[in-house]
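Structural overview
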Amino acid sequence: MSTKNSVLQSLLSLKNGEFLSGEELASSCQVSRTAIWKAIRSIEDEGYKIEAVTNRGYRILSSPDRLSSEIISSNLKDCGVLGLQVFIFDEIDSTNSEAKRRAVEVGAFRDAAGNLTEKGKSAHLSLFAAESQTGGKGRLGRTFVSSADVGVYFSLLYSPKNGVKNPALYTAAAAVSVSRAIKNLYGENPSIKWVNDIFLAGKKVSGILVEGIANFETGIIDAAVVGIGINLRKNPVLSGEITKIAGSVEEAKIEKNEKMPEVSKNRVIAEVVKNLIQFYDSFENDDEAVKNQMIAEYRGNSMLIGQKVTVNPVAGSTFESYRATVKEITPEIKLVVERESGGLEELSSGEVSLHSYDFV
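Below, the structure is looked at part by part.

1. A few points about the overall build of the protein
For the protein, the count of helices and strands is 10 helices and 14 strands. For the protein, whose C-alpha radius of gyration is 22 Å, the value lies close to the compact-globule estimate of 21 Å for 360 residues. Based on the C-alpha atoms only, the size of the protein along its principal axes is roughly 80 × 55 × 35 Å. A buried classification covers 48% of the 360 residues belonging to the protein. Look at the contacts in the protein between residues 6 or more apart in sequence, and 63% of them connect residues 24 or more apart.

Structure representation (structure tokens):
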């Protein structure tokens, strides 16, 4: 870790009112006082306001809401998550694309016996986060607008020992993880639109895209790339029809005349990833209690159960749209619908639209 990052992490760990002397920082970092002074200047250049008091030392008065691998890692360690590599980008095409590029470099994460390869050991649990994306991706080739300073955009690369058995569970777990984070940090109760969209106040505030990395030698899905975007604040770039569909946590608060809590982007990401890894580890360890709790939360947050919907064909499908009532979500995250014309259908993929909303 660089001297600047070591100093920053030490200052960020201080409790309110505490100072850390230059001598203590120099000793812990094993560098000169001059090197500490240069590190402080560099930290200030990144937007941190630092107070320096003679005979007391330094403390941070305010921090920019910037992504930090050190802060995310520290927050996750406090939750018991270890061994996660964190990569931060000011701007990138897509965090999912970067995760997949990393996967290509690794090759096979595991051998036929399920053991991590040498390259797999360094990448099987990695997080990629960006301040903004130029090519944010959604399901079915859609785009996800990813402007700076209004949201969080990140992807988790996760390689379970026995491969990804049920991709739909990974998507559902991501939706529950985002919903939990929004509830815990902002006091809001999101709804989930099958299979992976998160809604507040009737508008989409988060999108999730789960992609698989196939191992052609073993014939299994070696790893999952779980991409998540959450709109935290109103995006001034958006205008026109899309504003009827896309919203943010901040707008949901404004609608209720409530103040938007000051929560750092690092904390939001750590809160989601903490839940994600807990769920994914439970799948790998066959922990039925945690899995069943996740499925129960997913169903409980569903905005579709009991609603009348239109089931729309996906690309390449030959069936026509039809109207139905959503009856249930199965343990495999299939949507059970009853056609208006009669008969039950189990949907494992596709698009449904609520009659009361103009979206898919």
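2. Observations regarding helix α5 (residues 95-106)
For α5, with 12 residues, the first-to-last C-alpha span of 17 Å sits near the 16 Å given by 1.5 Å per residue. Among all positions of α5, only T95, N96, S97, E98, A99, R102, A103 and V106 are buried. Next to the buried residues of α5 lie β3 (85-92), α6 (118-121), β4 (125-133), β5 (151-158), β8 (203-215) and β9 (220-231). Capping the start of α5, S94 holds a side-chain oxygen 3.2 Å from the backbone nitrogen of N96, two or three residues further along. Following α5 by one or two positions, G107 adopts a phi angle in the positive range, close to 80°.

3. Considerations on unusual backbone geometry
The amide bond that connects W194 to the next residue, V195, takes the cis arrangement and shows omega of 15°. Mapped onto the secondary structure, V195 falls in the loop between β6 (191-193) and β7 (197-200). Of note, the phi angle at N55 is positive, near 70°, even though the residue is not glycine. The class of N55 is exposed, set by a relative accessible area of 80%. Residue A201 is not a glycine yet carries a positive backbone phi of 50°. Position of A201 among the secondary structure elements: in the loop between β7 and β8.

4. Structural notes on the pairing of strand β10 (residues 308-312)
Burial of β10 is extensive: 4 of the 5 residues sit out of reach of the surface. Direction of pairing for β10 relative to strand β14 (residues 351-354): antiparallel, over a ladder of 4 bridges. Paired with T310 across the bridge in β14 is S353.

5. Brief notes about the packing of aromatic side chains
Across all of its chains, the model carries 5 aromatic pairs by this definition. Aromatic side chains F87 and F128 sit 5.2 Å apart centroid to centroid with 15° between the ring planes, which places their arrangement in the stacked category. One end of the pair, F87, is in strand β3; the other, F128, is in strand β4, and 41 residues separate them in sequence. We classify F128 as buried; its relative accessible area is 2%. Aromatic pair Y280 and F283: ring centres 6.0 Å apart, planes at 40°, arrangement tilted. Highlighted residues: Y280 and F283, both in helix α9 (residues 265-284), separated by 3 residues, approximately one helical turn. Here the two residues Y280 and F283 agree in accessibility, since each one is buried. Here the aromatic residues Y158, Y170, Y280 and F283 are joined through ring pairs into a cluster of three or more.

Parameters and conventions
- Residues numbered from 1 in each chain as written.
- Predicted model: local features only at pLDDT ≥ 70, side-chain atom pairs only at ≥ 80, totals over all residues.
- Heavy atoms only, no water.
- Helix = DSSP H or I, 4+ residues; strand = E, 2+ residues; numbered from the N terminus.
- Rg over C-alpha atoms; globule rule 2.2 N^0.38 Å.
- Buried < 20%, exposed > 50% of the residue type's maximum accessible area, 1.4 Å probe, protein only.
- Contact = heavy atoms within 4.5 Å.
- Expected span 1.5 Å × (residues − 1).
- Polar contact = N/O pair within 3.5 Å; in protein donor to acceptor, adjacent residues only side chain to side chain.
- Pairing = 2+ DSSP bridges.
- Phe/Tyr/Trp six-rings, centres within 6.5 Å; stacked < 30°, edge-to-face > 60°.

So far we have only geometry, and geometry alone does not tell us how the molecule works.
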